[in-house]
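Listed below are the residues making up each chain.
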Amino acid sequence: QDEPLPHQINWDHIYDYYEDWPITLTTSKQDLKCKSSVRGMKRRILDEAPGDIVVLAVHLCGTLSLKALDLFNSHEKCSFLVLKPCCLPGLVHSKRDEVFVVGDHSFDSKEVCSNGRFKGNVWKGPPRHLIRGKFERWARNLERGAKLRGDGVRRLENITVETCVEINQCVAS
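Residues numbered from 1 in each chain as written. Predicted model: local features only at pLDDT ≥ 70, side-chain atom pairs only at ≥ 80, totals over all residues. Heavy atoms only, no water.

A. Looking closely at the state of the cysteines. Throughout the structure, instances matching the rule amount to 0 disulfides. For Cys-86, which is in no disulfide, the shortest distance to another cysteine sulfur is to Cys-87 and amounts to 3.6 Å. Looking at Cys-86, the relative accessible area reads 10%, which means it is buried. (Disulfide = S-S within 2.5 Å. Buried < 20%, exposed > 50% of the residue type's maximum accessible area, 1.4 Å probe, protein only.)

B. Geometry of the environment of His-75. Looking at the secondary structure, you find His-75 in the loop between helix 3 (64-74) and strand 2 (78-85). On the basis of relative accessibility, which here comes to 11%, the residue His-75 falls in the buried class. C-alpha of His-75 to C-alpha of Val-112: the two residues are 37 residues apart in sequence and 27 Å apart in space. Residues contacting His-75, with those up to four places away along its chain left out, are Leu-46, Asp-47 and Arg-149. (Helix = DSSP H or I, 4+ residues; strand = E, 2+ residues; numbered from the N terminus. Contact = heavy atoms within 4.5 Å.)

C. Broad picture of the layout of surface pockets. Within this model, the second largest pocket holds a volume of roughly 180 Å³. Taken together, Leu-32, Lys-33, Cys-34, Lys-35, Val-38, Arg-39, Lys-42, Lys-67, Asp-70, Leu-71 and Ser-74 make up the full set of residues lining the second largest pocket. Looking at the lining of the second largest pocket, the elements with two or more residues in it are helix 2 (35-46) and helix 3. Among the residues forming the lining of the second largest pocket, the class breakdown is 4 nonpolar, 1 polar and 6 charged. (1 Å grid on protein atoms, 1.4 Å probe; cavity = no way out; pocket = protein on both sides within 12 Å on 5 of 7 lines; lining within 4 Å. Points joined across faces, edges and corners; volume = space filled by probe spheres on them. Nonpolar A, V, L, I, M, F, W, Y, C, P; charged D, E, K, R; others polar.)

D. A look at a positive patch on the surface. A cluster of basic residues, Lys-33, Lys-35, Arg-39, Arg-43, Arg-44, Lys-67 and Arg-117, forms a positive patch at the surface. Relative to the helices and strands, Lys-35 is located in helix 2. (Patch = residues over 30% accessible without salt bridge, like charges linked within 9 Å, V, L, I, M, F, W, Y side chains within 5 Å. Areas by Shrake-Rupley, 256 points an atom, 1.4 Å probe, with all protein chains shown as cover. Salt bridge = Lys/Arg side-chain N within 4 Å of Asp/Glu carboxyl O. Lys, Arg positive; Asp, Glu negative; His and termini not counted. Charge placed at Lys NZ, Arg CZ, Asp CG, Glu CD.)

E. Main features of empty space enclosed by the protein. This structure, assessed with the given rule, holds 1 cavity of 30 Å³ or more. If you add up the space inside the largest cavity, you get close to 40 Å³. Along its surface, the largest cavity is lined by Cys-86, Cys-87, Leu-88, Phe-118, Trp-123, Arg-128, Ile-131 and Phe-135. Sort the elements by how many residues they give to the lining of the largest cavity and helix 5 (residues 128-145) lands first, with 3 residues. In terms of residue class, the lining of the largest cavity is built from 7 nonpolar, no polar and 1 charged.

F. Highlighting the packing of aromatic side chains. Using the criterion set out here, one finds 3 aromatic pairs in the structure. Aromatic ring contacts, followed pair by pair, group Phe-100, Phe-107 and Trp-138 into a single cluster. (Phe/Tyr/Trp six-rings, centres within 6.5 Å; stacked < 30°, edge-to-face > 60°.)

G. The arrangement of unusual backbone geometry in detail. The phi angle at His-59 is positive, at roughly 55°, despite the residue not being glycine. Phi angles above zero are rare outside glycine, and Asp-97 is one such case at about 55°. Note on placement: Asp-97 falls in the loop between helix 4 (91-95) and strand 3 (99-102).

Here it is in structure tokens:
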């Protein structure tokens, strides 16, 4: 397949401009839920980076946002994070009475879990306006879990992407 599917990254958006990027750009498709993949990524990418690292984590479904925060928090070279969560964690976490812990912050999974997922570009679940409050709590809790370095600040922003006016909260730290 030559052309990426609608839900896949179009690498032309990155590599067509690679020579013009003002900072070194390293891309890596990794399984953040696999501990050995994360260890390898830390060893081969983060440890080897010549300077500060910006972590850009876009459309991370469910608990993958927690994994991205764990990665960011775990390495001193990670100085800037942009996190755009996708779906909320599934109800299985609240049924198990889980407490999510990220950085120095913890919160009850019942505050944020919901059923529903994107299948392709189509939302399959409760109407989005009914879970907006849970998504806002999810984003705030993720923000609180980001480790601050130096004079760093945490910031939660609503960003409209293209013409979409759905839930578009990002965490910046």
